[in-house]
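Below are the chains, spelled out letter by letter.
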Amino acid sequence: MKNFIEEFKAFALRGNVMDMAIGVIIGGAFQAIIKSFIDNIINPLVGVVFQVDFSTVVIHLGAVNLMIGAFISSVINFFLLAFVLFIMVKTINKLKKPEVKEEAAPVKSDETVLLEKILEQLKNK
């Protein structure tokens, strides 16, 4: 049990996990902003076009009510959130300095070195 707790502690305190936790918290707050944007701006604009409050569109099938307007609002919410996060990640990746990797000199095989020596000797004759 002690080993399990140590492993969990090592996992939980790694930098990546903490970064992910912060990202989830910020993402949740950002999701609230996007939801407000959909509910308070997009849905009323769609409502003007279709002459109805889009978020309240319901299809009645007998005793079942399909809340199609709320579902479509959630789909729009998802795509807007995904798009904004995509733009943010793309921007952050551009801001990061690219790591310059030095290319290592190609390692010559023994056969190549031997062949070069033989060719050099033949040229000198």
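Residues numbered from 1 in each chain as written. Predicted model: local features only at pLDDT ≥ 70, side-chain atom pairs only at ≥ 80, totals over all residues. Heavy atoms only, no water.

In the nomenclature of an unreviewed UniProt entry, the protein chain is known as Large-conductance mechanosensitive channel of Solobacterium moorei F0204. Its UniProt record, at the heading Subunit (unreviewed entry), says of the protein chain: "Homopentamer." (UniProt positions renumbered as here; feature names shortened; annotations may be inferred.)

K.L.:
Whenever I open this one, the UniProt feature "transmembrane region" (unreviewed entry) in the protein chain confuses me. Can you help?
P.N.:
Sequence positions flagged by UniProt for "transmembrane region" (unreviewed entry) are, in local numbering, residues 20-38 and 58-87. Within the segment residues 20-38, helix and strand shares are 100% and 0% respectively, and the terminal C-alpha atoms sit 26 Å apart. Between the first and last C-alpha atoms of residues 58-87 the distance is 33 Å; the span itself is 67% helix and 20% strand. (Helix = DSSP H or I, 4+ residues; strand = E, 2+ residues; numbered from the N terminus.)

K.L.:
Is there a simple way to think about a nonpolar patch on the surface in this case?
P.N.:
Together, Ile59, Leu61, Val64, Leu66, Ile68 and Phe71 make up a nonpolar patch on the protein surface, roughly 520 Å² of accessible area in all. Mapped onto the nonpolar patch, the elements with two or more residues apiece are strand S1 (59-61), strand S2 (64-66) and helix H3 (68-95). Along the chain, the position of Phe71 falls in helix H3. (Patch = residues over 30% accessible without salt bridge, like charges linked within 9 Å, V, L, I, M, F, W, Y side chains within 5 Å. Areas by Shrake-Rupley, 256 points an atom, 1.4 Å probe, with all protein chains shown as cover. Salt bridge = Lys/Arg side-chain N within 4 Å of Asp/Glu carboxyl O.)

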